[in-house]
Amino acid sequence: MVNLELHAFQAQMDPHFIFNSLNAIHHYILTTSTDMASLYLTRFSKLMRLMIANFNKEWVNLEDDLEALELYIQLEQLRFESQFTYQLRLSPEISDRFTLVPPLIIQPYVQQAIWHRILQRPQKSGGRLDIFIGRDQDRLYIQVDDNGVRSELHPASYTAAQLSRNVNIAAERLHIMSEKYHMEATITEQDFYEEGSSTPGSRVTISMRHISSRQLLAG
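Sequence order sets the numbering: in each chain, residues are counted from 1 along the sequence as written. For a predicted model such as this one, the threshold for reporting local features is a pLDDT of at least 70, and the threshold for listing and counting side-chain atom pairs is 80 or more; totals across whole chains, interfaces and linings nevertheless cover every residue. With hydrogens and water set aside, each side-chain value is computed from the structure's full complement of heavy atoms.

### Brief notes about the packing of helix α2 (residues 15-31) against helix α4 (residues 62-80)
At a minimum axis separation of 9 Å, α2 and α4 run at an interaxial angle of 60°. Between α2 and α4, the angle is such that the two are oblique. Both α2 and α4 take part in a crossing whose hand is left-handed. Contacts between α2 and α4 involve F17, N20, S21, A24, I25 and Y28 from the former and Y72, L75, E76, L78 and R79 from the latter. By residue class, the composition of the contact of α2 with α4 is seven nonpolar, two polar and two charged. The axes used here are C-alpha line fits, helices contributing only the stretch in contact, and every angle between their N-to-C directions lies in the interval 0 to 180 degrees. By the criteria applied, helices consist of DSSP H or I runs no shorter than four residues and strands consist of E runs no shorter than two, each listed in order from the N terminus. Just so you know how the angles are binned, under 35 degrees is roughly parallel, over 145 roughly antiparallel, 65 to 115 roughly perpendicular, and the rest oblique. What makes a crossing left-handed is the near helix being turned counterclockwise from the far one by less than a right angle; a clockwise turn instead makes it right-handed. Here, residues are in contact when the closest pair of their heavy atoms is within 4.5 Å. Lys, Arg, Asp and Glu make up the charged group, whereas Ala, Val, Leu, Ile, Met, Phe, Trp, Tyr, Cys and Pro make up the nonpolar group; the residues left over, Gly among them, are polar.

### Here we look at the pattern of salt bridges
The working definition used for a salt bridge is a side-chain nitrogen of Lys or Arg within 4 Å of a carboxyl oxygen of Asp or Glu. Summed over all chains, the structure comprises six salt bridges. Residue R79 is joined to E76 by a salt bridge in which the shortest nitrogen-to-oxygen separation is 2.8 Å. Placement of both R79 and E76 in helix α4 is noted, with a separation of three residues, approximately one turn of the helix. Accessibility classification places R79 together with E76 in one group, the buried group. With a closest N to O distance of 3.0 Å, D130 and R89 form a salt bridge. Taken together, the residues span a long stretch of sequence, with D130 in strand β4 (residues 127-136) and R89 in strand β2 (residues 84-90) at a distance of 41 residues. The buried label applies to any residue whose accessible area, calculated with a 1.4 Å probe on protein chains only, is under 20% of its type's maximum; exposed applies above 50%, and partly exposed to all values in between.

### Describing the environment of R165
Residue position: R165 is located in helix α6 (residues 158-181). The class for R165 is partly exposed, based on a relative accessible area of 32%. Distance in space between the C-alpha atoms of R165 and P108 is 9.2 Å, their sequence separation being 57 residues.

### Structural notes on the nonpolar core
Ranked by size, the top nonpolar core spans 50 residues in total, and within it L47, I73, V110, L129, I131 and I133 carry the most contacts. The dominant element in this core, judged by the number of residues it contributes, is α4, at 10 residues. The contacts of L47, once residues within four sequence positions are left out, are F17, A68, L71, Y72 and L75. We call a set of buried Ala, Val, Leu, Ile, Met, Phe, Trp, Tyr and Cys residues a nonpolar core when their side-chain atoms join them within 4.5 Å.

### Points about the packing of helix α3 (residues 34-54) against α4
Axis separation between α3 and α4 bottoms out at 9 Å; the angle between their running directions is 140°. As far as their axial angle goes, α4 and α3 are oblique. In the packing of α3 onto α4, the handedness of the crossing is left-handed. Along its contact with α3, which presents Y40, R43, F44, K46, L47, L50 and N54, the element α4 presents D64, E67, A68, L71, Y72, Q74, L75 and L78. Taken together, the residues that form the contact of α3 with α4 break down as nine nonpolar, two polar and four charged.

That is the geometry; function is a separate question.
Shown next as structure tokens:
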């Protein structure tokens, strides 16, 4: 588990992501707005702080995990400008402050949706990413939808290898946590069709037993 936590942390601290984010911020400084550069630099530093603070924890509250996830998406939007929009929705019956999740589980699937599908769209605009966190009785589910295309990256490329590695690490960590805490976690991938579209999008659903901080303390 310690090995997986370290590998997950290394995956999140991908030097290519760090370099490209800083390069995009530098571009803002030189060409656009120091205010925007300051905004994104603040977001970048917050993301690094959250990653470092959470990587060796078994649990974090959903609020912190979603904050890091949204910071990551916003930094990717900075790099790719108008290529995609995103929506992050939380069901009203979920308390993100008291709901616990294993850290560094959701982001690899969002990263895969952006890089492996949305950015592969022939049109360099109109990409959509929709993340919904819901609850069905005692089950928590995290649904990641995108309208990207299934365009295979070259298997030997850095991006393809890194995406595959990140997703495998996340799945293995979730499996270990599920066995330890009897979460009955599952990860499913399927096509889905938006209304009026004949081209399938992709949906990844992470499902697990809902765990609250009160339950963990009581256990």
